[in-house]
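Fold and contact review
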Number of protein chains: 2
Amino acid sequence: MQLTRAADYAVRVMIHMAGLPPGTRASRSELAEAVECPEQFLSKVLQGLTRGGLVASHRGNTGGFELPGEHRAATLLEVVEAIEGHIRLNVCLISEHSCTRQAWCPAHDVWAEAQASLVAVLQKANISELAERAAARKAAGPVNQTVWN
Amino acid sequence: MQLTRAADYAVRVMIHMAGLPPGTRASRSELAEAVECPEQFLSKVLQGLTRGGLVASHRGNTGGFELPGEHRAATLLEVVEAIEGHIRLNVCLISEHSCTRQAWCPAHDVWAEAQASLVAVLQKANISELAERAAARKAAGPVNQTVWN
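Presented here is an overview of the structure given in this document. (Residues numbered from 1 in each chain as written. Chains lettered and ligands numbered in written order. Predicted model: local features only at pLDDT ≥ 70, side-chain atom pairs only at ≥ 80, totals over all residues. Heavy atoms only, no water.)

**Here's the deal with the packing of helix α1 (residues 5–18) of chain B against helix α4 (residues 76–84) of chain B**
Residue and element names in this part refer to chain B. Direction vectors running N to C along α1 and α4 enclose 135°, while the axes themselves pass 9 Å from each other. As the angle between them shows, α1 and α4 are arranged oblique. At the point where α1 passes α4, the crossing takes the right-handed sense. Every residue of α4 that contacts α1 at Ala 6, Ala 7, Ala 10, Val 11 and Met 14 is listed here: Leu 76, Val 79, Val 80, Ile 83 and Glu 84. The class makeup of the residues in the contact of α1 with α4 is nine nonpolar, no polar and one charged. (Axes fitted to C-alpha atoms, helices over the stretch in contact; angles between N-to-C directions. Helix = DSSP H or I, 4+ residues; strand = E, 2+ residues; numbered from the N terminus. Parallel < 35°, antiparallel > 145°, perpendicular 65-115°, else oblique. Left-handed = near helix turned anticlockwise from the far one by under 90°. Contact = heavy atoms within 4.5 Å. Nonpolar A, V, L, I, M, F, W, Y, C, P; charged D, E, K, R; others polar.)

**Describing the interface of chain B and chain A**
Across the contact, 50 residues belong to chain B and 50 residues belong to chain A. Taken over both partners, the interface formed by chain B and chain A buries close to 5,000 Å², and the fraction arising from carbon and sulfur atoms is 62%. Notably, a salt bridge pairs A:Glu113 with B:Lys124, separated by 2.5 Å at the nearest N-O pair. On the surface where chain B and chain A come into contact, there are 19 residue pairs in polar contact (both at pLDDT 80 or more). Sort the elements by how many residues they give to the side of chain B that touches chain A and helix α5 (residues 107–124) of chain B lands first, with twelve residues. Split into classes, the residues belonging to the side of chain B that touches chain A amount to 29 nonpolar, eight polar and 13 charged. (Buried area = accessible area lost by both parts, 1.4 Å probe. Salt bridge = Lys/Arg side-chain N within 4 Å of Asp/Glu carboxyl O. Polar contact = N/O pair within 3.5 Å; in protein donor to acceptor, adjacent residues only side chain to side chain.)

**Observations regarding the packing of aromatic side chains**
Inspection of every chain in the model, using the stated rule, returns two aromatic pairs over all chains. When the ring of A:Tyr9 is compared with that of A:Phe41, the centres are 5.8 Å apart and the planes differ by 70°; the resulting orientation is edge-to-face. Remark: A:Phe41 occurs in helix α3 (residues 39–51) and A:Tyr9 occurs in helix α1 (residues 5–18); sequence separation between them is 32 residues. By relative accessible area, which is 11% here, A:Tyr9 ends up buried. Assessed through its relative accessible area of 33%, A:Phe41 is described here as partly exposed. When the ring centre of B:Tyr9 is taken as reference, the NZ or CZ atom of B:Arg5 above it lies at 5.2 Å. (Phe/Tyr/Trp six-rings, centres within 6.5 Å; stacked < 30°, edge-to-face > 60°. Buried < 20%, exposed > 50% of the residue type's maximum accessible area, 1.4 Å probe, protein only. Lys NZ or Arg CZ within 6 Å of the ring centre and 35° of its normal.)

**Some points on the pattern of salt bridges**
The final tally for this structure, using the stated rule, is 16 salt bridges over all chains. B:Glu36 serves as the salt-bridge partner of A:Arg101, at 3.5 Å between the closest nitrogen and oxygen. Taken together, the residues span two chains, with A:Arg101 in the loop between α4 (76–84) and α5 (107–124) and B:Glu36 in the loop between α2 (28–35) and α3 (39–51). Residue A:Arg101 is classed as buried on the basis of its relative accessible area of 5%. Given a relative accessible area of 39%, B:Glu36 falls into the partly exposed group. Shared partners join several salt bridges into a network, and the residues in it are A:Arg5, A:Asp8 and A:Arg12.

**Quick word on the relation of the copies chain B and chain A**
Screw-axis analysis of chain B against chain A gives a translation of 0.0 Å along the axis, an RMSD of 0.0 Å, and a rotation angle of 180°. In short, the pair behaves as if placed about a two-fold rotation axis. The position closest to the rotation axis in chain B is occupied by the C-alpha of B:Met1, lying 2.2 Å away. Same-surface contact between copies: 100% of interface residues of chain B are shared with the interface of chain A. (Least-squares fit on C-alpha atoms with pLDDT ≥ 70 in both.)

**As for the packing of α1(A) against helix α2 (residues 28–35) of chain A**
Residues and elements named next belong to chain A. At a minimum axis distance of 10 Å, the contact between α1 and α2 shows a crossing angle of 110°. In this view, α1 runs roughly perpendicular relative to α2, as classed from their interaxial angle. For the pair formed by α1 and α2, the contact residues are Tyr 9, Arg 12, Val 13, His 16 and Met 17 on the first element and Leu 31, Ala 34 and Val 35 on the second. Looking at the contact of α1 with α2 residue by residue, the class counts come to six nonpolar, one polar and one charged.

What follows is the structure, given as structure tokens:
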């Protein structure tokens, strides 16, 4: 029950792009360096984000990847689901899935509640706010930086 | 980001055992039938639960698997973690993991919050209560059974 590496990098790259001036087109290699991801791997992540409509890919000399204005406020849930598909904490939460225990299984209710609480947290986090928070922390410098426990 | 099949079966088998009279020893084949799991696969699940100390395994003619009294109130979190290890929604939440982005990464806070909310739901669900709920629903019969959406 862990986020895929691809989804983690997708979130990193979206936050990075939301911190760039609107209209910026960044190359794959610039993005790979910024998010500390092997370029080949990031290529697949960017494909997923492009296919999911969150990122625009432009070809040619002035090409590159761009975060369209309307997706600067994408939620973390949208980014994760663009890569991993709908979050379904257990197979019994997939609507097409039929389970013979459906009528009485009490664990189903718990999986559903756990999923809902997870989704709610990812849904209220938005990429541009996270980009602002990252910029503020970087500007504050090492003295005031958060220390994780 | 999905529960493993092994953890799902572990929860099923724990709920089933919590619904048996205290001291009952159930064979692997009885349990496999009750939780609708291939016997070979359940064998590994039972090994995990035994190793995790949640289930006692007795050998010999009167042998079988038993849920000791003190584990009838195990939480869903304990059962899942006995099989999958500690829930860590992202690698940056593993305490030994060091990340160069640690000082400023705003996504870390969101992963930590999402994990905490998921863990809280699994921690408040307890196996014996779920077993009681299952028994009540089965007793109520198909007319009053829950229909999932």
